[in-house]
Amino acid sequence: MKNKKNLWLRIFLFLAAAIIILSLFSDVLMPNDPNATNAMRIKEAPSAEYPFGTDDLGRCVLSRVLSGSKTSIFCALILVAATAVFGSAAGMLCGYYGGAADSIVMRIIDGIMAFPQMVLAIAVAGMLGGGMLNAMLALGFASWTPYARLARSRVIALKREEFVLAARISGCGDGAVIGGYIFPNIFPSLLTYAATQVGTIMLGFAGLSFLNLGVQQPQAEWGSMISSARGMLATAPWAVLYPALALIVSVMIFNYLGDAIRDRLDVHLESEERR
Amino acid sequence: MLKYIQKRLLRLIPILLVITFVTFSLMYLASGDPAQKKLVAQGIVPDDAALEAEREEMGLNDPFIIRYGKWLVGFLTGDLGESYSNGQPVSGLLWTAMGKTAAVAVCALALSLVISLPLGIWSAVRQNTFIDYLVRFLTFFANAVPSFLAALLLIYLFCIKLKWFPVLAKDSFRGLVLPVIALSLPITGKFVKQIRAEILEQLGEGYVTGAQARGVRQSTYMIRDVLHNSMLAIITVIGFSVGSLFVGSVVIESIFQWPGVGKLVMDSITARDYPVIQGFVIYIAVIYVMINLLTDIAYRYLDPRITDS
């Protein structure tokens, strides 16, 4: 059983690494300039020269899908990493020290979690006025809280454990206790939650871009490509279908990877299914 | 039970305070000079005198905390201010739109349940057979397809290729079909996954083995015991899907031009109509919190073992 789990984990790690590498080398792989318009060759069906066809400005859809992969994938990865680090740090500090600061931070978290994550992100992005950075800020603001809750509850349970008390008695400072004894014990849960979030964040980011609250033209991103091509569904469906396919496949790979990591580490997260 | 509900309602007060505070602060930070925004939204090019008069009238010269207090009192009495663009009361706009959204959302929720209950049960009972693998793959696919893509794919297939439906959802039953399907698809994926997991967990329990050993028919113990015991988890899942329904509505309504809250808020974002955005956020949060509360109450009602601890 364990071997089978490892096999799936390896397969999806490989696939995830493959699309990350693909996006890293997208500049080399692009057959055409993703931003070069060509008025003579608009809405052309897929051909040898333009394998995914062209859009309403005559831009190569394949090149734009490849160029957009960098934005879509890396924005999601950076966001997940940033929210995981920030949320976990806040949660660990609150759980470890407690007190008034803990109560205040927890009330703020309660408040933020009272909103459906994406509704809050749409509202914040809408108020900030769109743009890639604002979309990331909005999604980050809405999605760091589960890490903080998770880390805090685990720290509160752990800090009364004997091995933590023993570490304290033998002279470890707060930093050494948190870093050396508490963090290693909660890391698997945090990693698992973060891994299951990559696909969700990727969809959220594409959703914001689709609503024109994220990446702006002419920069290529899957959500905004789908959004700007949706009017040509009847005349140039490839301009919607290929970025859509790229998005779906990437999200599926990262979702499977998240599940495989969870199965491998055998972590059960209560809060995970909430949103 | 009554005491529990009372306690939970009391605990709602601080949460509601935080929600209103977060919403108001967001607006306060984001909206810059609302007087200018309001005049510009009305198509007036503001000069200094007009701006100053408007600021005084809107109470913008008061300190933050007083403005928050005034706004909170307004919110509690159902007055969320007026839309910058057309001067109509925000709460009226939201209530009208909310009805339209609810029509789509309730249909989508019902459709999701009708599809996911049998599929979830079937794939759990036939664990690790072809059917199970197929259902699991479809579930995973549905979980990776955001509602805006589902909507576009449906439009491509049914409006452009097959020409069965009109693209824009007019206020008609036919116009409702595609938005409902698009909205329910991602939710159905989540439902199937969780129902399957829950049924599998129940099937591993001792009472199922006991029933099988006593020769109880599968259909009997499935309906009488397993389904009954799974109700808790299913109700929770429905409660938690409300957030996805709202988000889906925003996207779906702007694609199909359905006149619900989603379209209203996207139009308001485009028009920088901050009071409407603010009203939307606060309404959604209140509804979300109330539904979570109802879910918890239903949970306790169905499972008396859960106690305060």
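Keep in mind it's a predicted model, so treat the numbers as computed, not measured.

Novice: Can you walk me through the overall build of chain B in this structure?
Specialist: Across its full length, chain B carries 12 helices and zero strands. Order of helices (α) and strands (β) in chain B, N terminus to C terminus: α-α-α-α-α-α-α-α-α-α-α-α. Each of the three principal axes of chain B carries a C-alpha extent, and together these read 85 × 55 × 25 Å. Out of the 309 residues belonging to chain B, those deemed buried represent 48%. Counted over contacts in chain B with a minimum sequence separation of 6, partners at least 24 positions apart contribute 73%. Accessible area of chain B: about 15300 Å², with a carbon and sulfur share of 66%. With 26 positive and 22 negative side-chain charges, chain B shows a separation of 14 Å between the mean positions of the two kinds.

Novice: What is the right way to read the interface of chain A and chain B from this model?
Specialist: In many reports, interface size means the accessible area that the parts give up when they come together. The partner chain B presents 45 residues to the 40 residues of chain A that form the contact. Here chain A packs against chain B, burying approximately 3900 Å² in sum over the two surfaces, 81% of which is carbon and sulfur. Our count for the chain A to chain B interface comes out at one salt bridge. One salt bridge connects Asp 259 of chain A with Lys 193 of chain B, and the closest N-O pair in it is separated by 3.6 Å. For the interface between chain A and chain B, the tally reads one residue pair in polar contact (both at pLDDT 80 or more). Every element with two or more residues in the side of chain A that touches chain B is listed here: helix 4 (99-113), helix 5 (117-128), helix 9 (174-210) and helix 11 (238-265) of chain A.

Novice: Mind showing me how you'd approach the pattern of salt bridges here?
Specialist: Opposite charge on two side chains allows them to pair when their charged atoms are near. All names here are of chain A. This structure, assessed with the given rule, holds 10 salt bridges over all chains. A salt bridge links Asp 102 to Arg 152; the shortest N-O distance between them is 2.8 Å. Of this pair, Asp 102 sits in helix 4 while Arg 152 sits in helix 7 (residues 145-158), placing them 50 residues apart in sequence. The class of Asp 102 is buried, set by a relative accessible area of 8%. Via salt bridges that share partners, Arg 107, Asp 110 and Arg 149 belong to a single interconnected network.

Novice: Honestly, the packing of aromatic side chains in this entry has me stumped. Any pointers?
Specialist: Here the distance between the centres and the angle between the planes together describe a pair of aromatic rings. Within the structure shown, the criterion is met by 13 aromatic pairs over all chains. Between Phe 210 of chain A and Phe 148 of chain B, the ring centres sit 4.4 Å apart and the planes meet at 15°, which makes this aromatic pair stacked. Placement of Phe 210 of chain A in helix 9 and of Phe 148 of chain B in helix 7 (residues 147-161) is noted, with the two residues assigned to different chains. A single burial state applies to Phe 210 of chain A and to Phe 148 of chain B, both of which are buried. Taking the centre distance of 5.6 Å and the plane angle of 55° together, the rings of Phe 24 of chain B and Tyr 68 of chain B count as tilted. Residue Phe 24 of chain B is located in helix 1 (residues 2-30), and its partner Tyr 68 of chain B is located in helix 4 (residues 64-76); the two are separated by 44 residues in the primary sequence. Considered together, Phe 24 of chain B and Tyr 68 of chain B belong to a single accessibility category, that of buried residues. Site record: aromatic cluster; members linked through ring pairs are Phe 21, Phe 24, Tyr 68, Trp 71 and Phe 75 of chain B.

Novice: Explain the side chain of Ser 147 of chain B to me, please; I cannot follow it from the model alone.
Specialist: Residue and element names in this part refer to chain B. Checked against the element boundaries, Ser 147 lands in helix 7. On the accessibility criterion, Ser 147 (11% relative accessible area) is buried. In contact with Ser 147, other than residues within four places in its own chain, are Ala 182, Pro 186, Gly 248, Val 251 and Ile 252.

Novice: Is there a simple way to think about the domain arrangement of chain B in this case?
Specialist: All names here are of chain B. On domain assignment, one finds that chain B holds domain 1 (2-76) and domain 2 (91-302). The C-alpha centroid of domain 2 is placed 33 Å from the C-alpha centroid of domain 1. Each partner contributes to the interface: domain 1 provides 17 residues, whereas domain 2 provides 13 residues. Taking both partners together, domain 1 and domain 2 bury about 1500 Å²; carbon and sulfur atoms supply 81% of that area. Summed over the three residues of domain 1 that lose the most area to domain 2, namely Tyr 4, Arg 8 and Met 27, the buried surface amounts to 33% of that side. The tally of links from domain 1 across to domain 2 stands at one salt bridge. Broken down by element, the side of domain 1 that touches domain 2 gets its largest block of residues, 13 residues, from helix 1.

Novice: Even after reading the chapter, I still don't get the environment of Ile 5 of chain B, so can you show me in this structure?
Specialist: Residue placement: Ile 5 of chain B occurs in helix 1. Taking the C-alpha atoms as reference points, Ile 5 of chain B and Leu 294 of chain B, separated by 289 residues in sequence, lie 9.4 Å from one another.

Novice: I would appreciate a short explanation of the confidence of the model for chain B in the present structure.
Specialist: Regions with low pLDDT carry predicted coordinates that are not meant to be interpreted in detail. With 94% of its residues at a pLDDT of 70 or more, chain B shows a mean pLDDT of 83. Both confidence scores are given for the complex: pTM 0.84, ipTM 0.79.

Reading the values: rules and limits
- Residues numbered from 1 in each chain as written.
- Chains lettered and ligands numbered in written order.
- Predicted model: local features only at pLDDT ≥ 70, side-chain atom pairs only at ≥ 80, totals over all residues.
- Heavy atoms only, no water.
- Helix = DSSP H or I, 4+ residues; strand = E, 2+ residues; numbered from the N terminus.
- Buried < 20%, exposed > 50% of the residue type's maximum accessible area, 1.4 Å probe, protein only.
- Contact = heavy atoms within 4.5 Å.
- Areas by Shrake-Rupley, 256 points an atom, 1.4 Å probe, with all protein chains shown as cover.
- Lys, Arg positive; Asp, Glu negative; His and termini not counted.
- Charge placed at Lys NZ, Arg CZ, Asp CG, Glu CD.
- Buried area = accessible area lost by both parts, 1.4 Å probe.
- Salt bridge = Lys/Arg side-chain N within 4 Å of Asp/Glu carboxyl O.
- Polar contact = N/O pair within 3.5 Å; in protein donor to acceptor, adjacent residues only side chain to side chain.
- Phe/Tyr/Trp six-rings, centres within 6.5 Å; stacked < 30°, edge-to-face > 60°.
- Domains from an automatic or database assignment.
- pLDDT = per-residue confidence, 0-100.

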